[in-house]
Amino acid sequence: MSDKKELRIAMIGTGLMARTHSNGYNRIRDFFPELKYKPVMKAVCSRTEAKVKAFAEQWGYESYETDWREIIKRDDIDAVDICTPNDMHADIAIAAAEAGKMVLCEKPLARTVSEAQPMVDAIEKAGVPNTVFYNYRRIPAVTLIKNIIDSGKLGKIFHYRANFLQDWTISPDLPQGGEALWRLDVDAAGSGVTGDLLAHCIDGAMWLNGPIKDVSAVTETFIKERVHQGTGEKQKVGIDDACIFHCHFENGSLGLFEATRYARGHKALYTLEINGEHASLRWDLHNMNYLEMFDHADDGVVRGWKQILITDGDQPYMDRWWIPGTSIGYEHSFVHQVADFLKSLEEGKPCEPTFKNAMMTQKVCEAVINSANSKSWKDTGL
């Protein structure tokens, strides 16, 4: 262990994503022992002292702050991990980059393209290592999809479709804004399901199938007013509750995407399917350790959809975990992203998606919103 180089990490935020990232840092030493960088949980920051103190004790952070600016000033911090509401991403990321610190950020990059661009510029100018947590790329079945597509097995791609369905905002009594519900407040979130759910689908689609050229979208806000936790008064809801869009990819294929928080019975149903000239693939987050494949090259008498269990050691990431036939879960995707980031530091290579790469997803998200508002096709600028 004496040859390990410490990576002193400061976490900004104490919500769900801060927990997933913190778990990722904590598990590295157990399952990726060969990595030269060792995460050190140096500090965590949140505005409420009692809460941040308890978080530090639970997850093993050495210290805590209640002002993120104090984190930036500290010379015992190498990397800042941003797990705050979206409206805080830009200020923290820019300040951290200007201070020469590595920057890791939860998705989406920002609320808008104009807000995200200075973040990319600051990162590029400082030349600091960076990454954005689009964690679904690191689910072994999804990584295997990438490997199969890159091998040419599918041939020419014709269709890509994805959806992300939830049901947690159906009640009109649910307030907007404040702790835990900032995703319903347009000022904090920037958008609704487009930036929260479809951003994952879009990032995955472009990683697997290439850039999206243009989009045509429809959005709906089903509940027009909600009580705001900050003011106690009813206010207009500015986010999109549901979104459907279709698109053209640069490679000539067509895309179809849907996201909603009003699909009763679905808690986090993320599915994707890709249809090529020789084969098709489909995947479902609820069965995340399985990949379904149809291969037209199979003999006709046995040709059909088959289910591939992703637990063998020669499949992506799985050599790190248990024995074949036993599964891993959602949290492991964050462990994988932390491991990939640490490996990128060793190799001096970018850890995708970088801020610059995540800007592509931001541009598509903004084109989707603009298309829905104008009821017209919009180019993404990619």
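I will try to describe carefully the structure that is included in this document. (Residues numbered from 1 in each chain as written. Predicted model: local features only at pLDDT ≥ 70, side-chain atom pairs only at ≥ 80, totals over all residues. Heavy atoms only, no water.)

1. A few points about the sheet that holds strand β13 (residues 269–276)
With respect to topology, nine strands assemble into an open sheet ordered β16-β15-β14-β13-β7-β12-β11-β8-β17, the strand pairing being mixed. The open sheet has two edge strands, β16 (306–309) and β17 (378–379), and neither has a second partner. Both strand β14 (residues 279–284) and strand β15 (residues 290–295) contribute to a ladder of four bridges, which runs antiparallel. Its bridge partner being in β15, Ser280 is matched across the sheet by Phe294. Running at roughly 155° to strand β7 (residues 157–165), helix α8 (residues 193–209) makes contact with β7, β8 (212–220), β11 (242–249), β12 (254–260) and β13 of the sheet. Its contacts with the sheet put helix α10 (residues 355–374) on β8, β11 and β17, and the angle it makes with β8 is roughly 50°. (Pairing = 2+ DSSP bridges. Helix = DSSP H or I, 4+ residues; strand = E, 2+ residues; numbered from the N terminus. Contact = heavy atoms within 4.5 Å. Axes fitted to C-alpha atoms, helices over the stretch in contact; angles between N-to-C directions.)

2. So, the packing of aromatic side chains
This structure, assessed with the given rule, holds 17 aromatic pairs. Centre to centre, the rings of Phe31 and Trp321 are 4.2 Å apart; their planes meet at 35°, and the pair counts as tilted. On the criterion of sequence distance, the pair formed by Phe31 in helix α1 (residues 16–31) and Trp321 in the loop between β16 and α9 (330–347) is long-range, its members being 290 residues apart. Accessibility assignment for this pair places Phe31 and Trp321 in one class, buried. Taking 4.9 Å as the distance between ring centres and 55° as the angle between the ring planes, the aromatic pair formed by Phe222 and Tyr262 counts as tilted. Here Tyr262 lies in the loop between β12 and β13 and Phe222 lies in the loop between β8 and β9 (225–227), a separation of 40 residues in the sequence. (Phe/Tyr/Trp six-rings, centres within 6.5 Å; stacked < 30°, edge-to-face > 60°. Buried < 20%, exposed > 50% of the residue type's maximum accessible area, 1.4 Å probe, protein only.)

3. A look at the sheet that holds strand β3 (residues 63–65)
Ordered by their spatial adjacency, six strands build an open sheet running β3-β2-β1-β4-β5-β6, and the pairing between neighbours is parallel. Strands with a single pairing partner mark the edges of an open sheet, and in this sheet they are β3 and β6 (130–133). Going from strand to strand, the sheet's axes swing by 25° on average, the running direction of each strand aside. The sheet contact formed by strand β4 (residues 79–82) and strand β5 (residues 102–106) spans four bridges and is parallel. Bridged to Ile82 within β5 is Cys105.

4. Some remarks on the pairing of β15
Where burial is concerned, the two faces of β15 differ: the one with Leu291, Met293 and Asp295 is buried and the one with Tyr290, Glu292 and Phe294 is not. Here β14 folds back onto β15 in antiparallel fashion, the turn holding five residues. As judged from the four bridges shared by β15 and β16, these two strands associate in the antiparallel manner. Paired with Leu291 across the strands is Ile308, a residue of β16.

5. A word on helix α2 (residues 49–59)
When α2 is considered as a whole, its buried residues turn out to be Val52, Phe55, Ala56 and Trp59. Looking down the long axis of α2, one finds its buried residues gathered within 100° of arc, a one-sided arrangement. Residues of α2 that are exposed and point more than 90 degrees away from the buried face comprise Ala50, Glu57 and Gln58. On the buried face of α2, the contacting elements are α1, β2 (37–45) and β3. Within two residues after α2, Gly60 carries a phi angle of roughly 90°, on the positive side. (Arc of directions from axis to C-beta.)

6. Quick notes on the side chain of Thr221
When you line up the elements, Thr221 lands in the loop between β8 and β9. Among the residues examined, Thr221 registers a relative accessible area of 15% and is labelled buried. For Thr221, the side chain forms a polar contact with the main-chain oxygen of Ile239, separated by 2.6 Å. Those residues in contact with Thr221 that sit more than four places away from it in its chain are Val237, Ile239, Asp240 and Asp241. (Polar contact = N/O pair within 3.5 Å; in protein donor to acceptor, adjacent residues only side chain to side chain.)

7. Considering the nonpolar core
The biggest cluster of nonpolar side chains holds 113 residues, and the ones touching the most others in it are Phe245, Phe257, Trp283 and Phe355. Per element, the largest residue contribution to this core is nine residues, and it comes from α8. Setting aside chain neighbours within four positions, we find Trp283 in contact with Ile139, Ala141, Val142, Ile145, Tyr270, Thr271, Leu272, Met288, Tyr290 and Leu291. (Core = buried A, V, L, I, M, F, W, Y, C linked by side-chain atoms within 4.5 Å.)

8. Things to note about the layout of surface pockets
As a volume, the largest pocket reaches approximately 1200 Å³. Surrounding the largest pocket, 48 residues form its lining, Gly15, Thr84, Pro85, Trp182 and Arg183 being those nearest its centre. Looking at the lining of the largest pocket, the elements that each hand over two or more residues are α1, α3 (68–73), α7 (186–189) and α8. When residues of the lining of the largest pocket are assigned to their parent elements, the largest contribution, four residues, is made by α8. Quantified by volume, the second largest pocket comes out at close to 410 Å³. Those elements that place two or more of their residues in the lining of the second largest pocket are α7, β8 and α10. (1 Å grid on protein atoms, 1.4 Å probe; cavity = no way out; pocket = protein on both sides within 12 Å on 5 of 7 lines; lining within 4 Å. Points joined across faces, edges and corners; volume = space filled by probe spheres on them.)

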